[in-house]
Amino acid sequence: MRTDKFKNLQQVKTYYNFLLNKTWKIDNNLICLTDKDYFFTWDNAKRRFGQITYSKKRITISKPIILLNLKNGEELSKVFLHEIAHCIQNELYHVKSHNKQWKKILLTIGGDGIVQYDSNSIITPKGKYTLTCPNTTCKHKIERYKFPKKVSSCGKCDTKFNKNKIFVITKNY
Ligand SMILES: [Zn+2]
Ligand SMILES: [Zn+2]
């Protein structure tokens, strides 16, 4: 199955289910995660990519992040294999760790053994609000997913609160 590019969310889901349905051979054990009741579902997280709830055998993946990275299929499949390796390790050995055993599983199923995905190669959604420093020579910007509760000023211009450097808030979507 090609994973260099995805056309839409449905293709991503199909690919993920393909990984879950596949029977892997790990240390002489044959394991298929669907047989062990693991399943895939979407969520709307904006700051983290995916999450495994082991007690429910549920893997949730961020729809907004996937939508921004459909063309980035290779990076996406690396992250998927990372999670699949966690589920296999949990199921076979009841261990949840980025240890040597996990790394070996990941390499066996075709991953590259990297713990953290490259945050530069995965695009994350822009914050709902942008705080911009009013100082035109500074223009420091901060992204926020929620409207800030407190009035704040630019820390780059002044380490203490400065009423002349109060951030200007703009709504992005
Ligand atoms: Zn991990
Ligand atoms: Zn500033």
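Because the structure is a prediction, the values reported are computed rather than measured. (Residues numbered from 1 in each chain as written. Chains lettered and ligands numbered in written order. Predicted model: local features only at pLDDT ≥ 70, side-chain atom pairs only at ≥ 80, totals over all residues.)

Peer 1: Got a sec to walk through the overall build of the chain? Specific residues and values, please.
Peer 2: The helix and strand inventory of the chain stands at four helices and eight strands. Counting only C-alpha atoms and orienting by the principal axes, one finds that the chain spans roughly 65 × 35 × 25 Å. The buried share of the chain, taken over its 173 residues, is 22%. In the chain, 47% of the contacts between residues at least 6 apart in sequence involve partners at least 24 apart. (Helix = DSSP H or I, 4+ residues; strand = E, 2+ residues; numbered from the N terminus. Buried ≥ 20, exposed ≤ 12 C-beta atoms within 10 Å, placed from the backbone. Contact = placed C-beta atoms within 7 Å.)

Peer 1: Tell me about the nonpolar core, and please be specific about residues and values.
Peer 2: Core analysis: the biggest nonpolar cluster contains 23 residues, and Phe-80, Ile-84 and Ala-85 have the highest contact counts within it. At the level of secondary structure, the elements contributing two or more residues to this core comprise helix 1 (9–21), strand 5 (58–62), helix 2 (63–68), helix 3 (73–93) and helix 4 (100–109). Looking at which element gives the most residues to this core, the answer is helix 3, with eight residues. Ignoring sequence-local partners within four residues, the contact set of Ala-85 consists of Trp-102, Ile-105, Leu-106, Ile-109 and Gly-111. (Core = buried A, V, L, I, M, F, W, Y, C linked by C-beta atoms within 7 Å.)

Peer 1: Got a sec to walk through the sheet that holds strand 4 (residues 50–53)? Specific residues and values, please.
Peer 2: The sheet built from three strands is open, its strands ordered 3-5-4 with mixed pairing. For this open sheet the edge positions go to strand 3 (39–43) and strand 4, each flanked by a neighbour on one side alone. The average angle at which neighbouring strand axes cross in this sheet is 25°, direction not considered. With four bridges joining them, strand 4 and strand 5 adopt antiparallel strand pairing. Directly across from Thr-53, in strand 5, lies its bridge partner Arg-58. Sitting on the sheet, helix 3 touches strand 4 and strand 5, and the angle it makes with strand 4 is about 10°. (Pairing = 2+ DSSP bridges. Axes fitted to C-alpha atoms, helices over the stretch in contact; angles between N-to-C directions.)

Peer 1: Would you mind going over helix 1 in detail, with residue names and values included?
Peer 2: The end-to-end C-alpha distance of helix 1, which contains 13 residues, comes to 18 Å, matching closely the 18 Å that a straight helix rising 1.5 Å per residue would cover. Within helix 1, the full set of buried residues consists of Val-12, Tyr-16 and Leu-19. With its buried residues spanning 55° around the axis, helix 1 presents them on a single face. Those residues of helix 1 that are exposed and aimed more than 90 degrees away from the buried face are Gln-10, Thr-14, Phe-18 and Asn-21. On its buried side, helix 1 packs onto strand 3, helix 2 and helix 3. (Expected span 1.5 Å × (residues − 1). Arc of directions from axis to C-beta.)

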